[in-house]
Amino acid sequence: VNDPGARSVTFRGLVESYREQAHALLDGGVDLLLTETHIDTLNCKAALFAIDELFAAGVRRVPVIASMTIPDKSGRTLSGQTVEAFYNSVAHAELFAVSVNCALGADDMRPHVAELARIAGVPVACYPNAGLPNEFGGYDDTPESMAHVLGGFARDGLLNIAGGCCGTTPAHVKAIAEAVAGLPPRQLPEIEPKTRLSGL
């Protein structure tokens, strides 16, 4: 608790693991790399660093998305960062988009998506769980409910990319696609050049 940088693995060790995985994916022909469900920003930074090393070494470049998870209603990652602190920690990377995924379900993600939409100079994505898992490990949020919530995010100008995470089915994805069809994407804000810092 007293050392926010303390981990049971080293940063370099994580970089090597992520580098191996990303290299295999790129060799396999993926169209983009998505580092997702990050509850620890240092892990995300290790993944982004590994990808950057690969690109610098001449490996085929693809778009990269970084996605964080807010696991409870505190509005922070498990390692303690707010959405703004997370974004400030990864904004240096050449990202295609930033995202909030998984977590509490669509309804509870709105303030976090809105905050990311306010501060991010790149496209914003959101792909929530179909609610929290029930006592049997299933997910109860319906396609109609998720589509209604994500459609609202899109109508309010918060999203560029929408989808679903744990528990979503083709029916959920179809309903979400129909809910956002024809809506204008979020306009990227003018980000004033300033020194921006992040805690933890």
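This structure is a prediction, so every number in the text was calculated from the model and none was measured. (Residues numbered from 1 in each chain as written. Predicted model: local features only at pLDDT ≥ 70, side-chain atom pairs only at ≥ 80, totals over all residues. Heavy atoms only, no water.)

*Asks:* Break down the side chain of Ser-89 for me, with residues and values.
*Replies:* Position of Ser-89 relative to the elements: it lies in helix α3 (residues 83–90). For Ser-89, a relative accessible area of 9% puts it in the buried group. At 3.2 Å, the side chain of Ser-89 and the side chain of Gln-81 are in polar contact. From its side chain, Ser-89 meets the backbone oxygen of Ala-85 in a polar contact 2.8 Å long. Leaving out residues up to four positions away in the same chain, Ser-89 has contacts with Thr-41, Lys-45, Gln-81 and Ser-198. (Helix = DSSP H or I, 4+ residues; strand = E, 2+ residues; numbered from the N terminus. Buried < 20%, exposed > 50% of the residue type's maximum accessible area, 1.4 Å probe, protein only. Polar contact = N/O pair within 3.5 Å; in protein donor to acceptor, adjacent residues only side chain to side chain. Contact = heavy atoms within 4.5 Å.)

*Asks:* Give me unusual backbone geometry: which residues, what numbers.
*Replies:* One non-glycine residue, Thr-37, lies in the positive phi region at around 60°. Structurally, Thr-37 is set in strand β1 (residues 33–38). Under the relative-accessibility criterion, Thr-37 is labelled partly exposed at 29%. Even without a glycine there, the phi angle at Cys-102 is positive, about 65°. Tracing the chain through its elements places Cys-102 in strand β3 (residues 97–102).

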